[in-house]
Amino acid sequence: QLYYDPNIENKNLAQKWLMQAQVSPQAWQFCWALLSPDKVPEIQYFGASALHTKISRYWSDIPSDQYETLKTQLFSQIACFSSGSKMVLTRLCVALASLALNTMPEAWPGAVPEMVRVFQEEGGGVDGRARCLALLELLTVLPEEFQTSRLPQYRKGQVRGALGREWGSVCPLLQQLLRRGDSPGAVKARVLRCLSSWVLLDVPLSESEGLVEDCFTALPDPELFDTAVEAIVNAISQPDSQRYVNTLLKLVPQVLSLQEQLREAVQNGDMETSHGICRIAVALGENHSRALLEQVEHWQGFLALVNMIMFCTGIPGHYPVNETTSSLTLTFWYTLQDDIMSFDSERQAVYLQVYRPVYFQLVDVLLHKAQFPSDQEYASWSSDEKEQFRIYRVDISDTLMYVYEMLGAELLSNLYEKLGRILTNTEQASSWQHTEALLYGFQSIAETIDVNYSDVIPGLIGLIPRISINNVQLADTVMFTIGALAEWLADHPVMLSSVLPLVLQALGNPDLSVSSVSTLKKICRECKYDLPPYATNIVAVSQEVLIKQIHKTSQCMWLMQALGFLLSALPVEEILRNLHSLITPYIQQLEKLADETPNPSNKLAIIHILGLLSNLFTTLDISKQEDESGEGTAPPVKTAPPPPGPNPVVVVLQQVFALIQTVLSKWLNDSQVVEAVCAIFEKSVKTLLHDFAPMVSQLSEMLGQMYSTIPQASALDLTRQMVHIFASETDNFPPIKALFELVTSVTLSIFQQEARG
């Protein structure tokens, strides 16, 4: 039933019953019966699994005088199944491994030599090869079973020590089988798996050195390649292996000797082989770069290994479509740099002399790998491949940012020269991909590192308008690069005129939605005191794209935040004039919607409009004009203090207050609309603080009515903000006190009803 019944309920029932049977006392009797040769493999497998469950979980139920019998029975069953079903054989081996772990080292001191002896003896009509494979299976599952066993902590330590001592019996056997010319491929593959399994027990690398070297001789054999790679990588990745520097030094030439096989694999498009060899080189470099760097007299060997990894980073083809190897190497470059920078300054200087040129080469390689394929090829990629490529480029970006710490300003000059050469070379047309990748490199660094002191940025800003943008990816990167330089532009406002038109033009393109809106927002936030001359134009373009509904909701919200920053720096009458033209179309729309009968589509439209208003009010803050205009190295410029009249946000809120009340009255039982209304006031209160005072009494009254009719969490949050800011002010105390009392009594009555209910 469990395997073949088409009815899922019967399957589940069978599974449940069999699980119970497995742990029952009767399992000791029936499991041997189920292993009899006349049963089908599925039933035999269940018998072997039941045995393993009993030994691994209910060991204490077995009397010690039965250990020997149990061991003998298991040995004979493994011998029987060595030519039978592979899945049953493996379960029986796991059961015997569990028995060995429970009896080592006291009750069964020489477990591994005994296993070897039993399977090397002739007899039982089982051929030698089958016995050999069964023994290797048993030796492979022994360390694996140890990793997952439920042994108590004190036993784990004892058994790990005992297993470590058994390596002396296992290693020569594995070596002998791997070196014998007449060993079948299946035996050699099992030997390699067995080694992989044992090295996870932290077998000292010096003790497995010969075997690991033998693994290299197995790499040219396609049948053994994958298991050999796995064994080598596991052996050299063990945390303990860095103590064995002499062995590591012997492994460097072994790895370097794979370069020919690697080149051939790359030429023939054999991705599996190039991937495997790269894994070996990276495992040695990444896990042991510090130990190998310290061996100064062997510096050329390590440099050759670094160059081999560089070859893997720059492997031809586009990730992830024609190659999947280059991404494996990125962490190595972090590790190597960290290790170099961690030495004392004298040794660091020596290493930098050797490795700075390597890292400059790395930048070229990474920017080449970050290039987009041709438009035609990119169009044929699946969305999953495009997403993987995007993530890969982010990893490259992070690596470049990190490399900047080692190469410094020279890296930016280097990128700038290359970009300048491309854009000013009239004879030789360059691909947009090349330009985009260089800009991407700039953007990666400028996004997180303060480039204000770099002398190449003015030149870069001067080059940007010369780029002929005929492609979405290039246009996106141009936008993000301008955005990454927003802080620099705030210190050099004269350059705004060369890049702002590009940003405003891009706002009208739905394909550049995220990059253009986020860049405008950064510029409006960082450069707002330099933007008044451009304000009319920015507002006009923004209004146009909002009316045309070019952008998705979240970008519309960012755009409103950008306008909030922009307006904050203008004189109050200009703010009011701009607010009027900006908000009026939405207010008219909201009036129309408020008259309609509530339905799902007008609900979305209402929430959208309320969201636009609250995002605008989040960043519109004129109080900062006084404190910020005197910052920086320039002599403080005194702007006129804000006029005594009400804050522009308050003026607008008072104008629309009645309309908001109308909307609320229709939608009071819809928590999302109530939340959107509360958000407008909450954002305004947070930004304006005490300037919000003129609104306190009418808002308190409205909040009280809302909460008494249908209590909602968003109203409570807004009340908390109000109490927090205005409770200590004499003028505003009465309405706040009344609101607080009302909210408290309504809440208490809810609690009492709940308790009664």
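Notes on the structure in this doc start here.

Quick notes on the rules
Residues numbered from 1 in each chain as written. Predicted model: local features only at pLDDT ≥ 70, side-chain atom pairs only at ≥ 80, totals over all residues. Heavy atoms only, no water. Phe/Tyr/Trp six-rings, centres within 6.5 Å; stacked < 30°, edge-to-face > 60°. Helix = DSSP H or I, 4+ residues; strand = E, 2+ residues; numbered from the N terminus. Buried < 20%, exposed > 50% of the residue type's maximum accessible area, 1.4 Å probe, protein only. Lys NZ or Arg CZ within 6 Å of the ring centre and 35° of its normal. Expected span 1.5 Å × (residues − 1). Salt bridge = Lys/Arg side-chain N within 4 Å of Asp/Glu carboxyl O. Polar contact = N/O pair within 3.5 Å; in protein donor to acceptor, adjacent residues only side chain to side chain.

**Section: the packing of aromatic side chains**
Each aromatic ring pair is described using two quantities: the centre-to-centre distance and the angle formed by the ring planes.
Working step 1: Under the counting rule described, the total for this entry stands at 18 aromatic pairs.
Working step 2: Ring geometry for Phe75 against Trp108: centres 6.2 Å apart, planes inclined by 85°, an arrangement best described as edge-to-face. Linking Phe75 in helix α4 (residues 67-81) with Trp108 in the loop between α5 (86-103) and α6 (111-120), this pair joins segments that are 33 residues apart in sequence.
Working step 3: Consider the rings of Tyr319 and Tyr392, whose centres lie 4.3 Å apart with planes at 20°: the pair is stacked. With Tyr319 in the loop between α15 (299-313) and α16 (330-341) and Tyr392 in helix α19 (residues 383-407), this residue pair connects regions lying 73 residues apart in the sequence. Like Tyr319, the residue Tyr392 is buried in the burial classification.
Working step 4: Three or more aromatic residues link up through ring pairs in this structure, and these residues are Tyr319, Phe372, Tyr378, Trp381, Phe389, Tyr392 and Trp432.
Working step 5: If you follow Arg263 out to its NZ or CZ, it ends over the ring of Phe311, 5.3 Å from the centre.

**Here we look at helix α7 (residues 128-148)**
Working step 1: In this model α7 runs 31 Å from its N-terminal to its C-terminal C-alpha over 21 residues, within 8% of the 30 Å that 1.5 Å per residue would give.
Working step 2: Along α7, 16 of the 21 residues are buried, which leaves the element largely enclosed by surrounding structure.

**Considerations on unusual backbone geometry**
Working step 1: Between Met104 and Pro105 the backbone carries a cis peptide bond, its omega angle lying at -15°.
Working step 2: Checked against the element boundaries, Pro105 lands in the loop between α5 and α6.
Working step 3: Of note, the bond from Tyr319 into Pro320 is cis; its omega dihedral lies within 30 degrees of zero at 0°.
Working step 4: Here Pro320 shows up in the loop between α15 and α16.

**Details of the pattern of salt bridges**
Working step 1: Inspection of every chain in the model, using the stated rule, returns 21 salt bridges.
Working step 2: When the shortest N-O distance is used, the salt bridge between Asp214 and Arg179 registers 2.9 Å. Residue Asp214 is found in helix α10 (residues 205-218), and its partner Arg179 is found in helix α8 (residues 153-179); the two are separated by 35 residues along the sequence.
Working step 3: Residue Glu230 is joined to Arg279 by a salt bridge in which the shortest nitrogen-to-oxygen separation is 3.1 Å. Residue Glu230 is located in helix α11 (residues 225-237), and its partner Arg279 is located in helix α14 (residues 271-294); the two are separated by 49 residues in the primary sequence.
Working step 4: Via salt bridges that share partners, Lys86, Glu137, Arg190 and Arg193 belong to a single interconnected network.

**Examining the side chain of Thr687**
Working step 1: Structurally, the position occupied by Thr687 is in helix α33 (residues 671-688).
Working step 2: A polar contact is formed between the side chain of Thr687 and the backbone oxygen of Phe617, at a distance of 3.4 Å.
Working step 3: Within the structure, the side chain of Thr687 is placed 3.1 Å from the backbone oxygen of Thr618, a separation counted as a polar contact.

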